[in-house]
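Chain residues, written in single-letter form:
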Amino acid sequence: MTSWTESDAGFASQRLTAGCGTMEMRLNGLLDSKGRVAEEVHAIRKLGKSLRGGFALFRLEDSAAREIQVIGRLLSSPRDAVSRLSTWNKLAWKADETTSAAIVGLLEQQTHTAARRPPAATISWCVERVRTASDELSQLPPADLTERMAKGVDKLRKRVIRRCRHLDHRAEEDFHDARKALKAYLGAVGFLPENSVPAEPVMADLAELLGDENDLATLATWLERHGFTPSFAPDLWKLILKTRKAIRKQAMADAAILVSAQSA
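Model, not experiment: these values are computed from the prediction. (Residues numbered from 1 in each chain as written. Predicted model: local features only at pLDDT ≥ 70, side-chain atom pairs only at ≥ 80, totals over all residues. Heavy atoms only, no water.)

1. Let's talk about helix H2 (residues 37-57)
Keep this limit in mind: The helix count covers DSSP runs of H or I at least four residues long, the strand count covers runs of E at least two residues long, and both are numbered beginning at the N terminus. One fewer than the residue count of a helix, multiplied by 1.5 Å, yields its expected span.
Taking 1.5 Å as the rise per residue, H2 with 21 residues should run 30 Å; its terminal C-alpha atoms sit 30 Å apart, in good agreement. Directly after H2, the chain includes Arg59, whose backbone phi takes a positive value near 60°.

Right under this line is the structure:
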């Protein structure tokens with residue numbers, strides 16, 4: 001087990017504060033994004049996931065981290081449209097050109113909203129959320145940071161292992177929970193001093209697999225809501241199920257490696 005120092009905690013705290021500054025800058029940049037709104041929103045949401053892990057590192061999961069979470073949710077609709085189109089393109093399904101054209105047409109139409117800037121008042125509200133989160137971190141007693149961080153790292157890692165053990169249940173929520181746990185832990189580790197925790201490539205691989213699985217689940221929900229059900233597009237659904245099964249199989253194998261390494 002790593003023995004954390006005040007210097008380590010101070011380093012992580014400073015990096016997290018700097019990350020909040022970057023988040024604020026990116027949010028304000030949406031006011032003058034010069035047609036790159038979708039890309040900027042993607043960068044903001046990606047940074048937000050990392051910041052949430054950072055706040056969880058200091059045991060601020062139920063307060064500061066939620067201030068950041070709400071920003072991601074507020075900006076989710078435009079970005080989700082882009083993600084659905086990307087996931088669809090990866091499937092490369094062309095068995096029924098008429099149905100495929102109908103789906104692509106709708107997906108592309110919905111991505112157009114991703115090119116619109118959020119209202120200035122909305123951006124200001126998001127900036128205030130970031131400042132509130134950053135202020136809460138700054139108000140923590142410096143003497144408490146090391147203990148908070150040590151407990152935070154341990155809690156986040158244990159949650160990853162616990163969630164990975166549950167993947168054998170193969171329930172929808174188990175894959176979702178494991179993905180969230182991995183995102184939080186990997187986000188937190190990104191704020192720690194370099195090489196302070198052992199590198200575990202399987203974690204990053206597993207997080208990516210679970211992200212792909214979630215993207216397919218989200219696309220499947222969208223398809224059903226828009227009438228492209230298994231009854232109307234059976235071949236498409238066979239491909240989706242086959243692809244998700246393969247991803248889940250690999251995810252369970254990676255999770256088993258991670259759990260086994262923890263037990264060794």
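From this point, the discussion proceeds with the structure in view.
2. A word on the pattern of salt bridges
Stated precisely, the cut-off is as follows: The term salt bridge refers to a side-chain nitrogen of Lys or Arg lying within 4 Å of a carboxyl oxygen of Asp or Glu. Whether a residue is buried, partly exposed or exposed follows from its accessible area with a 1.4 Å probe, protein chains only, as a fraction of its type maximum: under 20%, in between, or over 50%, in that order.
Inspection of every chain in the model, using the stated rule, returns 16 salt bridges. Two residues, Arg244 and Glu213, come together in a salt bridge whose shortest N-O distance is 2.6 Å. Here Arg244 is found in helix H10 (residues 234-263), whereas its partner Glu213 is found in helix H9 (residues 201-225), with 31 residues between them in sequence. Residue classification places Glu213 among the buried residues on the basis of a relative accessible area of 4%.

3. Observations concerning helix H7 (residues 142-165)
Compared with the 34 Å implied by 1.5 Å per residue over 24 residues, the 36 Å span of H7 between its first and last C-alpha is a close match. Among all positions of H7, only Leu145, Thr146, Met149, Gly152, Val153, Leu156, Arg157, Arg159, Val160, Ile161 and Cys164 are buried.

4. As for the packing of helix H8 (residues 172-189) against H9
Test applied: Every axis corresponds to a line fitted to the C-alpha atoms, with the helix fit spanning only the stretch in contact, and the corresponding angles, defined between N-to-C directions, vary from 0 to 180 degrees. Relative orientations are named as follows: roughly parallel for angles under 35 degrees, roughly antiparallel for angles over 145 degrees, roughly perpendicular for angles from 65 to 115 degrees, and oblique for any other angle. By the definition used in this description, the sense in which the near helix is turned from the far one sets the handedness, with an anticlockwise turn below a right angle giving left-handed and a clockwise turn giving right-handed. Any pair of residues with heavy atoms lying within 4.5 Å of one another is described as a contacting pair.
At a closest axis distance of 9 Å, the pairing of H8 and H9 adopts a crossing angle of 135°. Compared by their axis directions, H8 and H9 come out oblique. As H8 runs across H9, the sense of the crossing is left-handed. Contact residues: H8 offers Glu172, Phe175, His176, Ala178, Arg179, Leu182, Tyr185 and Leu186, while H9 offers Met203, Ala204, Leu206, Ala207, Leu210, Gly211, Glu213, Asn214 and Ala217.

5. A short note on the nonpolar core
Taken as a class, soluble globular proteins show a tendency for nonpolar side chains to be buried jointly. Here is the rule we go by: Residues grouped as a nonpolar core are buried Ala, Val, Leu, Ile, Met, Phe, Trp, Tyr and Cys residues, joined through side-chain atoms within 4.5 Å.
If you look at the biggest cluster of nonpolar residues, it comprises 76 residues, and the most contacted ones within it are Leu27, Phe55 and Phe58. If we skip the residues at most four places from it in the chain, Leu27 touches Ile44, Ile71, Leu75, Ile123, Cys126, Val127 and Val130.

6. Considering the packing of helix H1 (residues 6-29) against H2
Here is the rule: Only Asp, Glu, Lys and Arg are considered charged in this grouping, and only Ala, Val, Leu, Ile, Met, Phe, Trp, Tyr, Cys and Pro are considered nonpolar; every other residue, Gly among them, is considered polar.
Interhelical geometry of H1 versus H2 gives an angle of 155° and a closest axis separation of 10 Å. Here H1 is positioned roughly antiparallel relative to H2, judged by the angle of their axes. Where H1 crosses over H2, the two elements pack in a sense that is left-handed. In contact with Ala12, Leu16, Gly19, Cys20, Thr22, Met23, Arg26 and Leu27 of H1, H2 contributes Glu40, Ala43, Ile44, Leu47, Gly48, Leu51, Gly54, Phe55 and Leu57. Of the residues belonging to the contact of H1 with H2, the class tally is eleven nonpolar, four polar and two charged.

7. Side note on unusual backbone geometry
Look at Arg59: it is not a glycine, yet its phi comes out positive at around 60°. With respect to the helices and strands, Arg59 occurs in the loop between H2 and helix H3 (64-74). Look at Arg59 and you get partly exposed, because its relative accessible area is 38%. The phi angle at Ala92 is positive, at roughly 55°, despite the residue not being glycine. Looking at the secondary structure, you find Ala92 in the loop between helix H4 (76-91) and helix H5 (97-111).

8. Notes on the packing of aromatic side chains
Put simply, the rule reads: The rule is short: rings of Phe, Tyr and Trp, with Trp giving its six-membered ring, pair when the centres are within 6.5 Å, and they are stacked under 30 degrees, edge-to-face over 60, tilted in between. Criterion for a charge above a ring: Arg CZ or Lys NZ at most 6 Å from the ring centre, at most 35 degrees from the ring normal.
Counted according to the given criterion, the structure contains two aromatic pairs. Consider the rings of Trp88 and Trp93, whose centres lie 6.1 Å apart with planes at 75°: the pair is edge-to-face. An identical accessibility class is assigned to Trp88 and Trp93; each is buried. Judged by centre distance (6.4 Å) and plane angle (15°), the ring pair of Trp222 and Phe228 falls under stacked. Side by side, Trp222 and Phe228 carry an identical accessibility label, which is buried. It is Arg129 that lies over the ring of Trp125; its NZ or CZ is 4.8 Å from the centre. One residue, Arg248, lies across the ring of Phe175, its end atom 4.3 Å from the ring centre.

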